[in-house]
Number of protein chains: 2
Amino acid sequence: MNLKRIGNQTVVFSNPSVILSSYSVVGPMEGQGPLGKTFNKVWKDNINGNTSWEVAETKMLEEAMEGAVKQSQIKKDEIDYLLAGDLLNQIISANFAARTMGIPFIGLYGACSTMALSMSVGTMLIDGGFARKVLVGVSSHHDTAERQYRLPTEQGGQRAMSAQWTVTGAGSLVLGQSGEGPRITAATIGRIVDFGETDANNMGAAMAPAVADTVINHFQDMNRTPEDYDLIISGDLGNVGLNLTQEVLKKSGLHFRNFSDCGVLIYDKSQDAHAGASGCGCSAVVFAGHLMEKIKSGQYKRILLVGSGALHSPTSSLQGESIPGIGHAVVIEA
Amino acid sequence: MNLKRIGNQTVVFSNPSVILSSYSVVGPMEGQGPLGKTFNKVWKDNINGNTSWEVAETKMLEEAMEGAVKQSQIKKDEIDYLLAGDLLNQIISANFAARTMGIPFIGLYGACSTMALSMSVGTMLIDGGFARKVLVGVSSHHDTAERQYRLPTEQGGQRAMSAQWTVTGAGSLVLGQSGEGPRITAATIGRIVDFGETDANNMGAAMAPAVADTVINHFQDMNRTPEDYDLIISGDLGNVGLNLTQEVLKKSGLHFRNFSDCGVLIYDKSQDAHAGASGCGCSAVVFAGHLMEKIKSGQYKRILLVGSGALHSPTSSLQGESIPGIGHAVVIEA
């Protein structure tokens, strides 16, 4: 059997998956941000006529997945697996959206790294011959996440400057074994790195060492330099985490002129999001919208998307545990 | 490329994974049950000297994984991926145990179906050429689950007769691309089926239609009959769910003399567990202990393990949502 591994942590696909379509749905704040025009649909408010924020998040994820399926021009029953996840307890947004879709379902949890993780595992299922088409869907919602992870939103408490704002958004992709579109050519699945950060209002600092670890391993494994990529983009470290990550990478001898972060790009400074955005919907919609646009237009020939996750829970934080971080990297080529 | 799919939902592996080792750690109640002697380690109480039940669950999962690695006689750094999950919010038991193991980590959420889901995806990663060795680890803990999903355990409220008792247990397997041991030869990943059951104290009823759906699809896809298996075992429906599933299967023309359930086997009637056991640790330890023993002794030549999951959360139940069920089936052969 042909082993597709290179170095310690990376796999290079023999049959890269093709991103046949992408679709993104976001809330009003994301729609008003610098990337607003790159999203397929902008809701006028965060609940959109639903009975609760949780139901709204499920509906948003369903809209994104239905949108991606429609744009791919394939029929839903041609899709072999749905890979989906979100931030809510027991990933209920993904579970309920999977109920609507009716496709064999693999639920993933990687916090904000879920989009990159789903793209990696989805491509493994295609490259391995287990699926012809895979649907990927990832969501987060500011109001469902805020009340679950932190405080009642009604309380209106002041946020720390290092805190990130959870994106209301859902992104979806249809991956296929052949066809026209950008290709997912390699993936580096991360291991957990935890430097002892305990502040749930500073997730950027918690995730930075894990993202740096995955990036360093990726470049070693692939024997590539930063110049081999038009963009390396994490999703999502925010300003604090991005600065820390670049510092760590510099020390390891990797110098980037082209390292950005989905959580830094999606809001304007005037939108008062403090350290930037987070939430697994963030990298999902920035990839499905903005990045797919740049790749399809030819501006980016090869990028590295590094999903970053803070794998704590309110319970573990209250019990005094630190926040385990993880980073998963995928290579996307035009 | 060679497509490994058969029928609608099933994949048959070209290079089945080999279960190189298995290890199970349980709490005292599971140790006192009918399968007590089949587990590798029985804790004397549910906390085992740790600072909280949540920390205890993480430690139990670590013990199971370290045990499986040790028994496989391979080194930890030969393992390419860790696939793990549990019932807690944001799967913290798996995340923190993954931090200790230091292996590239894919977090899965399938509620009580997580063991079968991990075995399926783990074998895909091996068969597809992405991994040489995969470590699988799944846990649940009665006291962490009870206070998260239902009521404070201190309250001592009366339980419904249809309620299942969450197993305190962690099971782990090392899967390899070659070697001695039982093999995972096929998998049927389920889709969500929801007949509108809203009672979180009757998860058996919520999961039964989904398990039946996966079983029917498996036999159709494989063109096999119940007689082709020494055992079909769900994990875990409990008494209520097992009866309902058998009723549905009878109506579809499938008659089983050999259909059992991990949640029915693990406790004795005298242990007052009501409808039986649940929790993703249940099928994990029944498989890693009892079933592995029977397969290795030659009593079972081929079995079908059908992991069953109730994919709700306390929030979705309080908001009046029904419980989405799922079933994932894996074929294990001596």
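Quantities reported herein were computed from a predicted structural model and do not represent experimental measurements. (Residues numbered from 1 in each chain as written. Chains lettered and ligands numbered in written order. Predicted model: local features only at pLDDT ≥ 70, side-chain atom pairs only at ≥ 80, totals over all residues. Heavy atoms only, no water.)

Q: In this structure, what is going on with the overall build of chain A? I would like to understand it.
A: Across its full length, chain A carries 10 helices and 14 strands. Its C-alpha atoms give chain A a radius of gyration of 18 Å, near enough to 20 Å, the size a compact globule of 334 residues would have. Along the first, second and third principal axes, the C-alpha set of chain A runs to 55 × 50 × 35 Å. Within chain A, counting contacts between residues at least 6 apart in sequence, those at least 24 apart form 78% of the total. Summed over all atoms, the accessible surface of chain A reaches about 10,900 Å², with 47% contributed by carbon and sulfur. Of the side chains in chain A, 26 bear a positive and 32 a negative charge, and the two mean positions are spaced by 6 Å. (Helix = DSSP H or I, 4+ residues; strand = E, 2+ residues; numbered from the N terminus. Rg over C-alpha atoms; globule rule 2.2 N^0.38 Å. Contact = heavy atoms within 4.5 Å. Areas by Shrake-Rupley, 256 points an atom, 1.4 Å probe, with all protein chains shown as cover. Lys, Arg positive; Asp, Glu negative; His and termini not counted. Charge placed at Lys NZ, Arg CZ, Asp CG, Glu CD.)

Q: Any chance you could explain the interface of chain B and chain A here in plain terms?
A: You'll often see interface size given as the accessible area lost when the parts meet. The partner chain A presents 64 residues to the 64 residues of chain B that form the contact. Overall, the association of chain B and chain A removes approximately 5,100 Å² of surface from exposure, summing both partners, and the carbon and sulfur fraction of that is 63%. Joining chain B to chain A, the criterion identifies six salt bridges. There are 29 residue pairs in polar contact (both at pLDDT 80 or more) connecting chain B and chain A. Residue assignment for the side of chain B that touches chain A shows that the elements contributing at least two residues are β2 (10-26), α2 (53-72), α3 (92-101), β5 (105-107), α4 (114-127), α5 (142-149), α10 (314-318) and β14 (325-333) of chain B. Top element by residues in the side of chain B that touches chain A is α4 of chain B. It accounts for six residues. Residue composition of the side of chain B that touches chain A, grouped by class: 32 nonpolar, 21 polar and 11 charged. (Buried area = accessible area lost by both parts, 1.4 Å probe. Salt bridge = Lys/Arg side-chain N within 4 Å of Asp/Glu carboxyl O. Polar contact = N/O pair within 3.5 Å; in protein donor to acceptor, adjacent residues only side chain to side chain. Nonpolar A, V, L, I, M, F, W, Y, C, P; charged D, E, K, R; others polar.)

Q: Would you take a moment to explain the nonpolar core for this structure?
A: Side chains that are nonpolar tend, in soluble globular proteins, to be buried together. Core analysis: the biggest nonpolar cluster contains 168 residues, and Phe287 of chain A together with Phe287 of chain B have the highest contact counts within it. With sequence-adjacent residues up to four places away left out, Phe287 of chain B is seen in contact with Ile19, Met119, Leu173, Met292, Ile295, Ile303, Leu305 and Ile332 of chain B. (Core = buried A, V, L, I, M, F, W, Y, C linked by side-chain atoms within 4.5 Å. Buried < 20%, exposed > 50% of the residue type's maximum accessible area, 1.4 Å probe, protein only.)

Q: I tried to follow the pattern of salt bridges on my own but got confused; where do I start?
A: Once their charged atoms are close, side chains differing in charge can pair, the charge on each being opposite to the other. Applying the stated rule across the entire model yields 24 salt bridges over all chains. The salt bridge partner of Asp80 of chain A is Arg5 of chain B, with a shortest N-O separation of 3.3 Å. With Asp80 of chain A in the loop between α2 (53-72) and β4 (81-85) and Arg5 of chain B in strand β1 (residues 5-6), the pair connects residues from two separate chains. On the accessibility criterion, Arg5 of chain B (11% relative accessible area) is buried. The partner of Lys76 of chain B in a salt bridge is Glu66 of chain B, with the nearest N and O atoms 3.2 Å apart. Here the residue Lys76 of chain B occupies a position in the loop between α2 and β4 (81-86), and Glu66 of chain B occupies one in helix α2, the gap between them amounting to 10 residues. Taking relative accessible area as the criterion, Lys76 of chain B reaches 29% and is therefore assigned partly exposed. Ionic contacts of the salt-bridge type, sharing partners, join the residues Arg5 of chain A together with Asp80 and Arg132 of chain B into one network.

Q: So what exactly am I meant to see when it comes to the domain arrangement of chain A here?
A: Residue and element names in this part refer to chain A. Here chain A is described as being made up of domain 1 (18-176) and domain 2 (183-333). Between domain 1 and domain 2, the C-alpha centre-to-centre distance is 18 Å. At the junction of the two partners, domain 1 supplies 52 residues and domain 2 supplies 54 residues. Approximately 4,000 Å² of surface area, both sides summed, lies buried where domain 1 meets domain 2, with 67% of it carried by carbon and sulfur atoms. (Domains from an automatic or database assignment.)

Q: Would you mind showing me how to read the packing of aromatic side chains here?
A: Aromatic ring pairs are defined here through the distance separating the ring centres and the angle between the ring planes. The full count for this structure, using the stated rule, is eight aromatic pairs over all chains. On the basis of an interplanar angle of 65° and a centroid distance of 5.8 Å, the ring pair of Phe13 of chain A and Phe130 of chain B is categorised as edge-to-face. Placement of Phe13 of chain A in strand β2 (residues 10-26) and of Phe130 of chain B in the loop between α4 and β6 (133-140) is noted, with the two residues assigned to different chains. Residue Phe13 of chain A is classed as buried on the basis of its relative accessible area, which comes to 6%. By relative accessible area, which is 0% here, Phe130 of chain B ends up buried. Ring centres 5.1 Å apart and planes at 90° place the aromatic pair Phe256 of chain B and Phe259 of chain B in the edge-to-face group. Phe259 of chain B carries the same exposure label as Phe256 of chain B, and that label is buried. Within the aromatic cluster, the residues linked to one another by ring pairs are Phe219, Tyr229, Phe256 and Phe259 of chain A. Stacked on the ring of Tyr229 of chain A, the Lys or Arg Arg302 of chain A has its end atom at 5.7 Å from the ring centre. Arg5 of chain B extends its terminal NZ or CZ atom over the ring of Tyr81 of chain A, reaching a point 5.0 Å from the ring centre. (Phe/Tyr/Trp six-rings, centres within 6.5 Å; stacked < 30°, edge-to-face > 60°. Lys NZ or Arg CZ within 6 Å of the ring centre and 35° of its normal.)

Q: Got a minute to help me understand the packing of α2 of chain B against α5 of chain B in this structure?
A: The description of two helices packed together rests on the angle between their axes and the distance between the axes. Residues and elements named next belong to chain B. Here α2 crosses α5 at 135°, and the two axes come no closer than 8 Å. By the angle between their axes, α2 is oblique relative to α5. Crossing geometry of α2 relative to α5 is assigned as left-handed. Counting all contacts with α2, which are made through Trp53, Glu54 and Glu57, the residues of α5 involved are Asp143, Thr144 and Arg147. Partitioned by chemical class, the residues of the contact of α2 with α5 number one nonpolar, one polar and four charged. (Axes fitted to C-alpha atoms, helices over the stretch in contact; angles between N-to-C directions. Parallel < 35°, antiparallel > 145°, perpendicular 65-115°, else oblique. Left-handed = near helix turned anticlockwise from the far one by under 90°.)

Q: How should the relation of the copies chain B and chain A be read in this particular structure?
A: Applying a rotation about an axis and a shift along it to one chain copy brings it onto the other copy. In the superposition of chain B on chain A (RMSD 0.0 Å, axial shift 0.0 Å), the rotation amounts to 180°. What the rotation and shift describe, once combined, is the action of a two-fold rotation axis. A share of 100% of the interface residues of chain B reappears at the interface of chain A, consistent with the copies meeting face to face through the same patch. (Least-squares fit on C-alpha atoms with pLDDT ≥ 70 in both.)

Q: Hey, could you run me through the packing of α2 of chain B against α3 of chain B in this one?
A: Residue and element names in this part refer to chain B. The N-to-C vectors of α2 and α3 enclose an angle of 50°; their axes lie 9 Å apart at closest approach. Taken together, α2 and α3 sit at an angle that is classed as oblique. Relative to α3, α2 is oriented so that their crossing is right-handed. Where α2 approaches α3, its residues Glu57, Thr58, Leu61, Glu62, Met65, Glu66 and Val69 are matched on the opposing element by Ile92, Ser93, Ala94, Phe96, Ala97, Thr100 and Met101. Here the contact of α2 with α3 is composed, by residue class, of eight nonpolar, three polar and three charged.

Q: Explanation requested: α3 of chain B in the structure shown.
A: Three- or four-residue spacings in an α-helix give side chains the same orientation, since the helix completes a turn every 3.6 residues. Residue and element names in this part refer to chain B. In terms of residue burial, α3 counts as a mostly covered element, since eight of its 10 residues are buried. By the burial criterion, the buried members of α3 are Ile92, Ser93, Ala94, Asn95, Phe96, Ala97, Ala98 and Met101. Two residues or fewer after α3 comes Gly102, characterised by a positive phi angle close to 70°.

Q: Please clarify how the environment of Gly235 of chain B should be interpreted in this entry.
A: Residues and elements named next belong to chain B. Examined against the element boundaries, Gly235 turns out to sit in strand β10 (residues 231-235). By relative accessible area, which is 0% here, Gly235 ends up buried. A C-alpha to C-alpha distance of 9.2 Å links Gly235 and Phe287, two positions 52 residues apart in sequence. With sequence-adjacent residues up to four places away left out, Gly235 is seen in contact with Cys112, Asp261, Cys262, Ser283, Val306, Gly307 and Ser308.

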